[in-house]
Amino acid sequence: MKNAQARTTYLRDYRPPTFTIETTELHFDLFEDYALVVAKLLLKRNQVPEAEESDILVLHGQQLQLLKLCIDGKELSSDQYLIDEDTLSIPALSELLGAPVLEFTLECHTSIEPQNNTALEGLYKSRKMFCTQCEAEGFRRISYYLDRPDVMSKFTTTITADRAKYPTLLANGNKIASGISESDHSRHWVTWEDPFKKPSYLFALVAGDLASLDDSFITASGRDIKLQIFVEEKDLDKCDHAMRSLKNAMDWDEKVYGREYDLDIFMIVAVDDFNMGAMENKGLNIFNTSCVLASSKTQTDLAFQRVEAVVAHEYFHNWSGNRVTCRDWFQLSLKEGFTVFRDSEFSADMGSRTVKRVEDVAFLRTVQFAEDSGPMAHSVRPDSYMEISNFYTVTIYEKGAEVVRMISLILGPERFRAGTDLYFERHDGEAVTTEDFIAAMEAANDIQLRQFRNWYSQAGTPVLAIEDSYDAETRRYTLSVKQSCPDTPGQSNKRPFHIPLRVGLIGAAGMELPLKLAGAGKPETTDLVLDVCEEFQQFVFEDVAAKPVPSLLRSFSAPVRLQFDYSREDLFFLMVHDSDGFNRWNASQLLGADIIEDLQSLYPNPDELALPEILRKAYALVLDSALEDSQLDQAMIAQLLALPTEGALIEQAQVADVESIHGVREFLANRLAQALEEKFAALYQANCDEGKFAVDARSMARRSLKNLALSYLVRTGEAQWLEACNRQFTTAGNMTDQFAALKNLVNSDTDLGRVFATEALDGFYKQWRHEPLVVDQWFAVQATSQLSGILGRVKQLLHHECFEIRNPNKVRSLIGAFCGQNHIAFHAGAGDGYEFLADQVLTLDKLNPQIASRLLTPLTRWRKFDEKRQALMQVQLQRIKATADLSRDVFEIVEKSTV
């Protein structure tokens with residue numbers, strides 16, 4: 001096993017670079033079987049006191065063929081530098097230059113093979129297009145360089161390529177020159193200049209035969225910005241939504257944060273083969289096609305929402321990530337957590353704020369809470385890593401966003417805006433830390449957030465255990481709050497967090513009570529944020545006429561596990577009366593989870609299972625409300641009518657019994673469908689006639705509610721509803737309705753359903769086989785089918801004509817969907833699903849280590865399951881670990897996950 005696999009980088013070892021790079025001039029000559037790269041760098045000795053004094057220049061580089069190396073125009077001989085797998089070192093610079101080194105020019109000529117770069121890092125070929133992905137450490141696969149985020153340089157890039165094959169040549173910044181190659185008129189060149197300093201991870205290049213959708217945006221100061229989205233010609237009609245989303249994001253960022261775009265042009269390029277969702281390269285964003293293309297015929301409403309969110313996210317990075325960037329990769333959440341918060345607020349403003357919050361928290365509690373309790377648990381600002389690619393995690397992104405959200409809640413909107421204004425003003429053009437972000441918030445508002453910093457340094461999900469008491473004689477109601485945080489790898493005995501606990505109290509009549517906090521001297525309100533800063537605190541409310549039902553952690557005011565002994569009647573009461581939409585949903589989830597946990601002890605004896613009347617009553621009440629008042633938030637109604645997901649139930653369990661969780665949940669869903677069939681039918685019919693297709697929030701909500709009703713109706717097994725579902729599939733004029741019908745048929749365990757499903761799957765593929773993103777959905781709907789024998793089908797699909805193991809979207813849609821979303825099939829039997837995942841990880845590790853390591857996540861959750869499953873999962877983790885020449889990406893995961 002390579003020693004490199006065990007090398008760990010620590011935050012405590014950070015030192016500023018010995019040299020900086022003032023300017024970077026790049027020249028690319030692109031050919032079919034290789035690319036020539038010339039990098040001319042102006043380096044200066046770093047004058048900051050903390051910089052390490054050294055006479056050695058060490059540049060990062062991987063998988064490069066060095067052709068020539070010059071300093072100040074003089075070519076170096078091979079004995080004047082050293083090259084290993086990861087670096088190029090030039091010792092004794094003073095001797096080479098004949099004087100103490102303050103400034104010099106380095107010119108490096110390298111040859112690379114983009115067409116063979118299956119890792120999709122650096123410069124690579126995606127079908128017929130050249131493109132780049134340099135975050136986090138991809139630029140070192142292009143040229144030898146100081147490939148670290150705190151080295152910021154002004155880039156000028158010239159690209160030369162075949163005119164016929166690659167008429168479109170793009171790079172960061174503004175285009176300043178172009179022409180025909182003098183030595184070969186079949187080739188042309190373009191030069192781009194970025195006037196803003198940036199680190200190498202934000203470099204981008206694209207060369208291809210692309211069409212563009214062009215538009216413009218007038219900034220608040222009156223500047224006319226050219227907007228372009230580049231795609232293959234066949235996809236040009238799928239870019240309108242992305243362009244609208246971009247313009248909405250630009251407008252929103254000016255109004256909400258005062259951030260105006262700075263270049264003359266903003267470009268997006270859609271790429272089929274991409275490890276991530278998108279990349280915020282300065283002025284030239286490169287996107288996975290799944291995050292750009294949106295057409296009602298080929299993409300679902302969820303895809304439209306994802307495009308809107310990702311376009312906004314990458315645009316917002318222009319300030320929170322590009323103009324102000326990270327000092328080192330331990331600070332990754334500085335840009336990602338802040339920007340996820342920004343894009344979440346944007347999406348909330350574009351649609352239903354409550355539903356957006358529900359969706360975000362459901363994902364956080366299912367996925368990030370699981371990460372916090374597993375072997376890969378790490379703080380929002382990690383202390384160490386072996387491979388930085390493994391830390392593009394839900395903790396860095398989603399929990400990091402929750403940390404920023406808490407700051408905004410503690411400060412309030414105006415003071416938070418003052419803090420962000422100061423942050424951007426102080427650090428524009430700099431590479432900074434999370435400490436700098438917090439310091440700006442403090443300075444702008446004359447506040448101390450010393451204890452709040454624990455959110456950045458401590459891993460794990462805090463637990464808030466709350467008890468209440470009521471004294472009728474004194475009319476005082478007391479909340480006793482205890483906070484704790486479990487041990488995580490490398491961390492124990494956690495310090496108390498500063499937790500904003502947002503609360504309300506609801507009286508017996510369903511009215512919100514005024515909150516008069518004893519000793520606070522604050523004006524009465526019906527909604528209050530309590531600062532929980534100690535291990536144990538009590539909050540006393542005065543003048544409370546009768547014992548209320550508390551509405552706790554409103555809008556999920558902090559990323560914690562809440563423990564409070566709600567009765568089922570309390571939860572029903574909150575579902576009906578709570579003015580906080582998130583807590584209404586949360587009450588419905590807690591009610592469903594409590595019932596499922598209670599019935600698990602009776603499984604698998606179906607004769608002993610029964611649908612509790614309180615759950616039927618709750619769902620009937622929600623259905624009646626939706627039918628009586630069409631002005632209600634239809635998307636929220638759909639959330640209230642959904643049982644907790646299997647993923648959420650597994651995460652909440654101490655020891656997850658997958659079979660009983662699945663079995664009881666299916667039982668309840670089927671019984672609710674039967675008991676409320678008439679109401680679901682009325683809801684389905686009420687939302688069928690929506691008129692002309694639209695992607696506005698209300699239309700999307702109606703389709704969501706309609707298709708949820710249909711899913712319950714299909715569960716009845718009645719022929720009329722199976723036929724209605726099949727009819728919707730064959731006649732649907734949009735992908736949302738067609739795919740929802742397909743999913744229902746594929747999961748129907750009836751003879752008629754199976755007949756319809758076979759025909760539908762075949763017809764769907766024939767109809768859409770030339771649309772890669774739709775084929776991804778076709779793979780995923782089969783991989784997540786809840787019927788028996790699915791693993792065999794997934795293995796067959798690995799050999800399908802449209803499956804390509806080198807394409808991340810295909811891998812995620814088939815292998816990732818089966819292992820990460822189909823819990824009953826993945827965890828079935830003698831561990832066949834675990835062995836299947838290990839096989840695919842080992843195959844992918846030779847091609848694309850990033851994708852391989854991310855696929856491993858389900859196996860890292862082994863502690864959540866019974867001893868038999870734990871042992872079976874460990875067998876596969878140990879098998880992977882014992883494999884020779886693992887990538888650092890995969891090695892780190894299995895090293896931390898095995899016992």
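The structure we're discussing is the one just above.
Right, let's walk through the structure included here. No experiment lies behind these values; they were computed from the predicted model shown.

Cut-off values and rules
Here, residues in each chain are numbered from 1, in the same order as that chain's written sequence. The predicted origin of the model limits local features to residues at a pLDDT of at least 70 and limits the giving and counting of side-chain atom pairs to 80 or more, whereas totals for whole chains, interfaces and linings rest on all residues. Side-chain descriptors were evaluated using all non-hydrogen atoms of the structure, hydrogens and water having been removed beforehand. In DSSP terms, a helix is any run of H or I states spanning at least four residues, a strand is any run of E spanning at least two, and both are numbered starting from the N terminus. What the globule rule says is 2.2 Å times the number of residues to the power 0.38, and the radius of gyration is computed from C-alpha atoms. Burial classes: relative accessible area under 20% of the type maximum marks a residue as buried, over 50% as exposed, and values in between as partly exposed (1.4 Å probe, protein chains only). Note on definitions: a residue-residue contact is assigned when non-hydrogen atoms from the two residues lie within 4.5 Å. Exposure was quantified through the Shrake-Rupley algorithm and a 1.4 Å probe, taking into account, for residues, occlusion by the shown protein chains and nothing else. A pair of strands counts as paired when DSSP detects no fewer than two bridges linking them. In a helix, the anticipated span is given by 1.5 Å times the number of residues less one. Any N or O atom pair separated by 3.5 Å or less is treated as a polar contact, with the protein-specific requirement of one donor-capable and one acceptor-capable atom, and with residues adjacent in sequence counted only for side-chain atom pairs. Cysteine sulfur atoms are paired as a disulfide whenever they come within 2.5 Å of each other. Geometry of aromatic contacts follows a simple scheme: Phe, Tyr and Trp rings, the Trp one being its six-membered ring, pair when their centres are within 6.5 Å, and the pair is stacked under 30 degrees between planes, edge-to-face over 60, tilted otherwise. Nine residue types can take part in a nonpolar core, namely buried Ala, Val, Leu, Ile, Met, Phe, Trp, Tyr and Cys, and a core is a set of them joined through side-chain atoms within 4.5 Å. Just to be clear on terms, a salt bridge is a Lys or Arg side-chain nitrogen sitting within 4 Å of an Asp or Glu carboxyl oxygen.

### Here's the deal with the overall build of the chain
Line of reasoning, step 1. On a plain count of helices and strands, the chain comes out with 29 helices and 31 strands.
Line of reasoning, step 2. What you see for the chain is a C-alpha radius of gyration of 28 Å, in line with the 29 Å of a compact globule of 899 residues.
Line of reasoning, step 3. Its C-alpha atoms give the chain principal-axis dimensions of about 85 × 70 × 60 Å.
Line of reasoning, step 4. For the chain, buried positions account for 59% of its 899 residues.
Line of reasoning, step 5. Across the chain, the fraction of contacts at a sequence separation of at least 24, relative to all contacts at a separation of at least 6, is 71%.
Line of reasoning, step 6. Surface accessibility of the chain: about 35300 Å² in total, with carbon and sulfur atoms responsible for 48%.

### Details of the environment of Leu722
Line of reasoning, step 1. With respect to the element layout, Leu722 can be found in helix α18 (residues 719-731).
Line of reasoning, step 2. The exposure class assigned to Leu722 is buried, which follows from its relative accessible area of 1%.
Line of reasoning, step 3. In this structure, the C-alpha to C-alpha distance between Leu722 and Gly753, residues 31 residues apart in sequence, is 6.4 Å.
Line of reasoning, step 4. Other than its neighbours up to four places away in sequence, Leu722 contacts Val714, Gly717, Leu745, Ser748, Thr750, Leu752, Gly753 and Phe756.

### Focus on the pairing of strand β27 (residues 499-506)
Line of reasoning, step 1. Of all eight residues in β27, seven are buried; the element is thus mostly enclosed.
Line of reasoning, step 2. As paired elements, β27 and strand β28 (residues 528-532) share five bridges and run antiparallel to each other. What sits directly across from Pro500, in β28, is Asp531.
Line of reasoning, step 3. Relative to strand β30 (residues 549-552), β27 is paired through four bridges, and the arrangement is antiparallel. Each residue of the ladder has a partner; that of Leu505, found in β30, is Pro550.

### Some details on helix α17 (residues 697-715)
Line of reasoning, step 1. Taking 1.5 Å of rise per residue, 19 residues should cover 27 Å, and α17 covers 27 Å from first to last C-alpha, within 8% of that figure.
Line of reasoning, step 2. The N-cap of α17, judged by a side-chain oxygen 3.2 Å from the amide nitrogen of Arg698 a few residues on, is Asp696.
Line of reasoning, step 3. Backbone geometry just after α17 places Gly717 at a positive phi near 75 degrees.

### With respect to the side chain of Thr420
Line of reasoning, step 1. Locating Thr420 in the fold gives a position in helix α7 (residues 413-427).
Line of reasoning, step 2. For Thr420, a relative accessible area of 0% gives the class buried.
Line of reasoning, step 3. Beyond its immediate chain neighbours, meaning those up to four positions away, Thr420 contacts Tyr257, Phe338 and Met441.

### Quick look at the state of the cysteines
Disulfides are covalent bonds that link the sulfur atoms of two cysteine residues.
Line of reasoning, step 1. For the structure on display, the rule yields zero disulfides.
Line of reasoning, step 2. There is no disulfide at Cys134, and the cysteine sulfur nearest it, in Cys131, is 10 Å away.
Line of reasoning, step 3. Left without a disulfide partner, Cys725 is nearest to the cysteine sulfur of Cys688, which lies 11 Å away.
Line of reasoning, step 4. Classification of Cys725 as buried rests on a relative accessible area of 0%.

### Here's the deal with the packing of aromatic side chains
Line of reasoning, step 1. All told, the structure shown has 43 aromatic pairs when counted by the stated rule.
Line of reasoning, step 2. Centroid distance Phe266 to Tyr315: 5.6 Å. Interplanar angle 70 degrees. Geometry classified as edge-to-face. You can see Phe266 sitting in strand β19 (residues 265-271) and its partner Tyr315 sitting in helix α3 (residues 301-316), a full 49 residues away along the chain. When sorted by exposure, Phe266 lands in the same class as Tyr315, which is buried.
Line of reasoning, step 3. The interplanar angle of 85 degrees and the centroid separation of 6.4 Å between the aromatic rings of Phe818 and Phe826 together place this pair among those described as edge-to-face. Each member of the pair Phe818 and Phe826 is classed as buried.

### A short note on the environment of Val775
Line of reasoning, step 1. Within the secondary structure, Val775 is located in helix α21 (residues 772-783).
Line of reasoning, step 2. Residue Val775 is classed as buried on the basis of its relative accessible area, which comes to 3%.
Line of reasoning, step 3. Through-space distance from the C-alpha of Val775 to that of Ser813 is 9.0 Å; in sequence the pair is 38 residues apart.

### Let's talk about the nonpolar core
Line of reasoning, step 1. The biggest cluster of nonpolar side chains holds 291 residues, and the ones touching the most others in it are Leu106 and Phe541.
Line of reasoning, step 2. For Phe541, the residues in contact, after removing those within four places along its chain, are Arg475, Arg476, Tyr477, Leu479, Val503, Leu505, Leu515, Lys516, Leu517, Leu528 and Leu530.

### Brief notes about the pattern of salt bridges
Line of reasoning, step 1. This structure, assessed with the given rule, holds 62 salt bridges.
Line of reasoning, step 2. Linking Asp328 and Arg327 is a salt bridge whose minimum nitrogen-to-oxygen distance equals 2.6 Å.
Line of reasoning, step 3. A salt bridge links Asp751 to Arg754; the shortest N-O distance between them is 2.8 Å. You can see Asp751 and its partner Arg754 sitting in helix α20 (residues 751-768), three residues apart, about one turn around the helix.
Line of reasoning, step 4. Residue Asp751 is classed as exposed on the basis of its relative accessible area of 59%.
Line of reasoning, step 5. Judged by relative accessible area, Arg754 falls into the partly exposed class, the value being 35%.
Line of reasoning, step 6. Each of the salt bridges in this network shares a partner with another, and the network as a whole consists of Glu345, Asp349, Arg353, Arg357, Glu402 and Arg405.

### A closer look at unusual backbone geometry
Line of reasoning, step 1. Here the residue pair Glu135 and Ala136 is connected by a cis peptide bond, since its omega of 5 degrees sits within 30 degrees of zero.
Line of reasoning, step 2. Its location among the elements puts Ala136 in the loop between β11 (129-133) and β12 (154-162).
Line of reasoning, step 3. Here Tyr603 and Pro604 are connected by a cis peptide whose omega angle stands at 10 degrees.
Line of reasoning, step 4. In this structure, Pro604 sits in the loop between α11 (581-600) and α12 (613-628).
Line of reasoning, step 5. Positive phi is not limited to glycine here, since Ala92 has a value of about 50 degrees.
Line of reasoning, step 6. Among the secondary structure elements, Ala92 is positioned in the loop between β8 (87-90) and α1 (93-97).
Line of reasoning, step 7. At Arg475, a position not held by glycine, the phi torsion is positive, near 55 degrees.
Line of reasoning, step 8. Taking relative accessible area as the criterion, Arg475 reaches 36% and is therefore assigned partly exposed.

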